[in-house]
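Geometric and topological summary
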Amino acid sequence: NAGVMQNPRHLVRRRGQEARLRCSPMKGHSHVYWYRQLPEEGLKFMVYLQKENIIDESGMPKERFSAEFPKEGPSILRIQQVVRGDSAAYFCASQYLNEAFFGQGTRLTVV
Amino acid sequence: RKEVEQDPGPFNVPEGATVAFNCTYSNSASQSFFWYRQDCRKEPKLLMSVYSSGNEDGRFTAQLNRASQYISLLIRDSKLSDSATYLCVVTPTGTASKLTFGTGTRLQVTL
């Protein structure tokens, strides 16, 4: 399966803990986009990364959120000190010829 | 004003009906336009791109009106399997770029 892979599919964290979401893009792709979908809302762009480089982080909250895409391994979206408002579905995507292919998402629940 | 606006619905239609969704966008520099489909708790998937000349794919027809900054999707002969949320998506440039999503229009096709 050469599609976009995300894990975990579901993640439960208590308030104040850290959440780490992982994404491996399509085979042969060296970039990923992260989006967040809050309940009953549309997807919102968060960050665009290439290997070892953040290209556009204009959608990232200023605090507690960070993203990286190391030379080896998956891209990581890291949320520190999670709050209930962080509960959402987080999708990553590869893009090819203007079509975005999404992973199945990570559903984060903060309790 | 939201960058991409859609009527959230839901649109409840019987099988075989024709249904149309509309979408407006605020950024006149937007260059690429798409309709994505999202099933409940799943990732979005590309339904079709939208071109100024209009385009058709089976029962689905998409139209773009740049002057009015308006996009439409027409579904003919609705099937139960068309039940989903339809997301209007724009990008600011013609190349791979971050996607701006509408909140989606929910369609429920019934017997």
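Quick caveat, the model's predicted, so the values are computed rather than measured.

1. Examining the state of the cysteines
In total, this model carries two disulfides over all chains according to the counting rule given. Here Cys23 of chain A engages in a disulfide with Cys92 of chain A; their sulfurs sit 1.8 Å apart. Linking Cys23 of chain A and Cys92 of chain A, the disulfide has an S-S dihedral of approximately 80° and is accordingly described as right-handed. One end of the pair, Cys23 of chain A, is in strand E3 (residues 19-24); the other, Cys92 of chain A, is in strand E9 (residues 88-96), and 69 residues separate them in sequence. Of the two residues, Cys23 of chain A and Cys92 of chain A, neither departs from the other in class, the shared state being buried. The disulfide partner of Cys23 of chain B is Cys88 of chain B, and the gap between their sulfur atoms is 2.0 Å. Between Cys23 of chain B and Cys88 of chain B, the disulfide has an S-S torsion of -75° and is therefore left-handed. Taken together, the residues span a long stretch of sequence, with Cys23 of chain B in strand E3 (residues 19-25) and Cys88 of chain B in strand E9 (residues 84-91) at a distance of 65 residues. Given a relative accessible area of 0%, Cys88 of chain B falls into the buried group.

2. Observations regarding the pattern of salt bridges
Any two side chains of opposite charge can pair, given that their charged atoms come close. All names here are of chain A. Across all of its chains, the model carries eight salt bridges over all chains by this definition. Where Glu18 meets Arg78, a salt bridge forms, and the shortest distance between an N and an O atom there is 2.9 Å. Of this pair, Glu18 sits in the loop between strand E2 (10-13) and E3 while Arg78 sits in strand E8 (residues 75-79), placing them 60 residues apart in sequence. In this structure Glu18 comes out as partly exposed when scored by relative accessible area, which is 29%.

The rules behind the values
Residues numbered from 1 in each chain as written. Chains lettered and ligands numbered in written order. Predicted model: local features only at pLDDT ≥ 70, side-chain atom pairs only at ≥ 80, totals over all residues. Heavy atoms only, no water. Disulfide = S-S within 2.5 Å. Helix = DSSP H or I, 4+ residues; strand = E, 2+ residues; numbered from the N terminus. Buried < 20%, exposed > 50% of the residue type's maximum accessible area, 1.4 Å probe, protein only. Salt bridge = Lys/Arg side-chain N within 4 Å of Asp/Glu carboxyl O.

Structural measurements only, silent on function.
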